[in-house]
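# Residue-level structure breakdown
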Number of protein chains: 2
Amino acid sequence: MRSDLATWPLGMNEEVLMARAFLNRVAEPASIPVWDMVRRDGPVQAAEAIRAGRVDDCVSDATAARAAHADPLADLEAAHRHGIRLVVPESDEWPHFAFAALEATALRRLETYRSGQRRHAEGGELIPPLALWVRGTTDLASVGVRSVSIVGARAATPYGERVARELASGLAERGFLVVSGGAYGIDAAAHRGAFAVAQETVVVSAGGLDRAYPPGNTALFERAAESGLLISESPPGSAPQRRRFLTRNRVIAALGTGTVVVEAARRSGAMNTAHHCVGLGRPLMAVPGPVTSAMSVGCHALIAAESGAARLVSDVDDVLLMIGSAGDLPVDPQPPSPPDLRSRLDQLDQPARQVFDGFPARAWVHPDRLAVRTGLSPLAVIRALPILEMSGLIEAADGGYRIARATRPTTSTQAP
Amino acid sequence: MRSDLATWPLGMNEEVLMARAFLNRVAEPASIPVWDMVRRDGPVQAAEAIRAGRVDDCVSDATAARAAHADPLADLEAAHRHGIRLVVPESDEWPHFAFAALEATALRRLETYRSGQRRHAEGGELIPPLALWVRGTTDLASVGVRSVSIVGARAATPYGERVARELASGLAERGFLVVSGGAYGIDAAAHRGAFAVAQETVVVSAGGLDRAYPPGNTALFERAAESGLLISESPPGSAPQRRRFLTRNRVIAALGTGTVVVEAARRSGAMNTAHHCVGLGRPLMAVPGPVTSAMSVGCHALIAAESGAARLVSDVDDVLLMIGSAGDLPVDPQPPSPPDLRSRLDQLDQPARQVFDGFPARAWVHPDRLAVRTGLSPLAVIRALPILEMSGLIEAADGGYRIARATRPTTSTQAP
């Protein structure tokens, strides 16, 4: 593990990693009380309290069954043997940009939850992961910047598989990462399409990454691990239970700039992912098909919905029209030179400008603190941060943000 | 001809019929200056002026080429030999209800036209027909009350033809009239679907009704004439020119409570009909298909349009959801009994109520006069009239309207 730990940035330490591994093991994904506790107390203190049983009933209900038996070091070591690393929010590899919408939605849910309407809050699963198990060469932080989630039916038709393959190829050709699950049908077709023109593809699995599920897709998983990315919220050894497929779907929706449903039965996992996509405020797209095909019923329902939930897309150009503005952000922005700074600031919308003005000159600052300093809601702050980060005006690390070096006042002692 | 004339209602006379036949022969469909002149001066006076050349340049441009050679009596006699009758706005058989939206749109266009922006006004073809040639047993006035226009590509796929057939059957089963053109492909499939469960179907042709175009659909035309309706704006002997297909399409759109596009290439006649449907403010629907099919490109473009031009429909239930409220009006309303009158009035919206209040006790009144009496715009009056007519509160004939007998004050000398 030490070789991995050495790559963590300033402030990241083994204690945090162990705490996150513990939390990830004891709580099922998308537990709002556990996420809230970690957010308030930090992972180390939260993990200690859970292990000691010094927690409220809600957190206890979500963690007590496994707290005594959890062995995070064993999990990390088992992962290491399979080439799997644990990526945590305190790491530079955490996909802050992709998860900004998830954070914002979770903060909204939290208000409902805290106001005592717990039952309502529990129904929604749009709570950020506490950590992600990852295998592969792609930087997880780069996922969600220019990426499209392509989802659909396991029992896809040849038509659906062809469309998924062509969409994925076209998007990969234009430099977009393709994100999908690891199932047969549309998922596998999308990954194959991406492989056909690019090295990378991103597989989000519902079970532990030490084994492929379904086993028939083992070769696909191996290929993604070699030059793309395998992601799971579940520790190695976890079986892909039904509940985990549903919580997994929110990760797929969150990692895509937009989500395309290629084929879906009326009630299906793909419809669940589509629902999450809408919940995150991300563009949802659906591919039409013959009205005589049961596999297109879900897509048509999404397109025809009163609320206009999904936009009909026929090809890559349609998809790019929908996600263009979001997907065309630079992948690796250069820090702005001082004369450039003014023009970057001028391009910001009012809340983003306000958030930037709320930053201390050099110190790291937490979003909640920025909300206090600016008088904006935590939601508004969380929404503005990725914009500022992508503009190169601020940088994120260690769960906080600060003004990017090149942007700081010239009193900085930092060498250029 | 006399036997037909004997069926015209009070006030209808041979002079009007001859004038309309003349106007129909000399002007191509959808001529705004001719329609406007007929509207202002009445058909008899307008026809005399045109024949004598006492008209402005715009009307002259639209009529001079044929005015000298027109022989309306010959046209009416030729039609009679083929079992074709001429239906005019002064007749009880005129589809006032179906054409209300067309009248309203034309009045709007007229304002643009009169204000001198003639070029803009000429582009739009949503001008009511001056008369319609009709063959068949169905009452033309009943078309447009519970009817759906089904349109699509000539070069339809087997998938498209199947969907058109099934939609038409389903709608006919539920008592809706199917309206379409007379082409191969979707048009023919829709009529076949209607025939499969009902006697009636409505074919709107671009050429004269004395011959079927295309000839391969002769049997279909004959069957529609036997128990449905053949409609054309062109006199017998007219060739189905390209321009006539385009003006024909506005009649198809106007005669449907809503229009369904089943398959359409990006630039096609069906797209033109769809455009007219939107222009009339009627519900436009489109059937999706494989994105790999060129014949579904137009449908997908309509569904995906920024303005949400067309609603995606997969089956008859979807269509009924879209047109339900409009299509569920009674086909043949009974005149209300006096105690019933109050409740009918209470159900009217404000403009309709106002228009009803503007009626003289017993005299016939023209929409323009109602506008003056009520202070409402001609557009608002034209929109309210079909509602009042379908409620059985007023009746239409001879180009005017009056309070229905059963609704009139008890001072009426009419026997029950």
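Bear in mind that the values here come from a model prediction, so they are computed numbers and not experimental data.

## Side note on the overall build of chain A
- Scanning chain A from terminus to terminus reveals 19 helices and 11 strands.
- Going through the 416 residues of chain A one by one, you find that 54% of them count as buried.
- Long-range pairs, those at least 24 residues apart, make up 75% of the contacts in chain A between residues at least 6 apart in sequence.

## What about the relation of the copies chain B and chain A?
- For the pair chain B and chain A, the superposition axis carries a translation of 0.2 Å, the fit reaches an RMSD of 0.2 Å, and the rotation angle comes to 180°. Here the two chains are linked by the operation of a two-fold rotation axis. In terms of C-alpha distance to the rotation axis, chain B has Gly289(B) as its closest residue, with the C-alpha 2.3 Å off the axis.
- Here 100% of the contact residues of chain B are again contact residues in chain A; the copies associate through an equivalent surface.

## Some words on the pairing of strand S6 (residues 229-232) of chain B
All names here are of chain B.
- Side chains Leu229 and Ile231 project from S6 onto one buried face, and the interleaved Leu230 and Ser232 project onto a second face that is buried too.
- Direction of pairing for strand S2 (residues 132-136) relative to S6: antiparallel, over a ladder of 4 bridges. Among the inter-strand pairings, glycine 136 is bridged to a residue of S6, identified as leucine 229.
- In the sheet, strand S5 (residues 202-205) pairs with S6 via 4 bridges, with the strands oriented parallel. Each residue of the ladder has a partner; that of serine 205, found in S6, is serine 232.
- Where the polypeptide runs from S5 across helix H11 (residues 218-227) and back to S6, its parallel neighbour, the crossover connection is right-handed.

## Quick notes on the pairing of strand S7 (residues 258-261) of chain B
All names here are of chain B.
- Alternating residues of S7 divide into Gly258 and Val260 and Thr259 and Val261, and every residue in both groups is buried.
- Looking at chain direction, S7 and strand S8 (residues 284-286) are connected through 3 bridges and run parallel. Residue pairing across strands places valine 261 opposite alanine 286, the latter belonging to S8.
- Since S7 and S8 lie parallel, the crossover through helix H13 (residues 269-279) that links them has a hand, and here it is right-handed.

## Examining unusual backbone geometry
- The omega angle of the peptide bond from Tyr213(A) to Pro214(A) is 0°, so this bond is cis rather than trans.
- If you check the backbone angles, Ala30(B) has positive phi at about 65° while not being a glycine.
- Note on placement: Ala30(B) falls in the loop between helix H2 (14-26) and helix H3 (32-41).
- Under the C-beta neighbour-count criterion, Ala30(B) is labelled buried, with 24 such atoms within 10 Å.

## Some details on the sheet that holds strand S4 (residues 177-180) of chain B
Residues and elements named next belong to chain B.
- Spatially, 9 strands are ordered S1-S2-S6-S5-S4-S3-S7-S8-S9 in an open sheet, and the strand pairing comes out mixed. The strands lining the two open edges of the sheet, one partner per strand, are strand S1 (85-87) and strand S9 (311-312).
- Of the strand pairs in this sheet, strand S3 (residues 147-151) and S7 are connected by 4 bridges, and their pairing is parallel. Note that in S7 the partner of valine 148 across the bridge is glycine 258.
- Contacting S3, S4 and S7, helix H9 (residues 158-173) crosses the sheet at an angle of about 175° to S3.
- Its contacts with the sheet place helix H10 (residues 186-197) against S3, S4 and S5, and it is angled at close to 165° to S4.

## Points about the sheet that holds strand S2 (residues 132-136) of chain A
Residue and element names in this part refer to chain A.
- Ordered in space as S1-S2-S6-S5-S4-S3-S7-S8-S9, the 9 strands form an open sheet in which the pairing is mixed. Strands at the two margins of the open sheet, each flanked by one partner only, are strand S1 (85-87) and strand S9 (311-312).
- Against the sheet, helix H9 (residues 158-173) makes contact with strand S3 (147-151), strand S4 (177-180) and strand S7 (258-261), and its axis sits at roughly 175° relative to S3, the strand it touches most.
- Packing against the sheet, helix H14 (residues 297-304) makes contact with S7, strand S8 (284-286) and S9, and its axis sits at approximately 130° to S8.

## As for the environment of Leu177(B)
- Examined against the element boundaries, Leu177(B) turns out to sit in strand S4.
- Put simply, Leu177(B) and Ile387(B) are 210 residues apart on the chain and 20 Å apart in space, counted from C-alpha to C-alpha.

## Some remarks on the interface of chain B and chain A
- Contact residues are listed per partner, giving 16 residues for chain B and 17 residues for chain A.
- Among the elements of the structure, H9, helix H14 (297-304) and S9 of chain B are those that each provide at least two residues to the side of chain B that touches chain A.
- Top contributing element to the side of chain B that touches chain A by residue count: H14(B), with 3 residues.
- The residue makeup of the side of chain B that touches chain A, split by class, is 9 nonpolar, 4 polar and 3 charged.

The rules behind each value
Residues numbered from 1 in each chain as written. Chains lettered and ligands numbered in written order. Predicted model: local features only at pLDDT ≥ 70, side-chain atom pairs only at ≥ 80, totals over all residues. Helix = DSSP H or I, 4+ residues; strand = E, 2+ residues; numbered from the N terminus. Buried ≥ 20, exposed ≤ 12 C-beta atoms within 10 Å, placed from the backbone. Contact = placed C-beta atoms within 7 Å. Least-squares fit on C-alpha atoms with pLDDT ≥ 70 in both. Pairing = 2+ DSSP bridges. Right-handed = clockwise from strand over helix to strand, strands pointing away. Axes fitted to C-alpha atoms, helices over the stretch in contact; angles between N-to-C directions. Nonpolar A, V, L, I, M, F, W, Y, C, P; charged D, E, K, R; others polar.

By themselves, these figures tell us nothing about what the structure is for.
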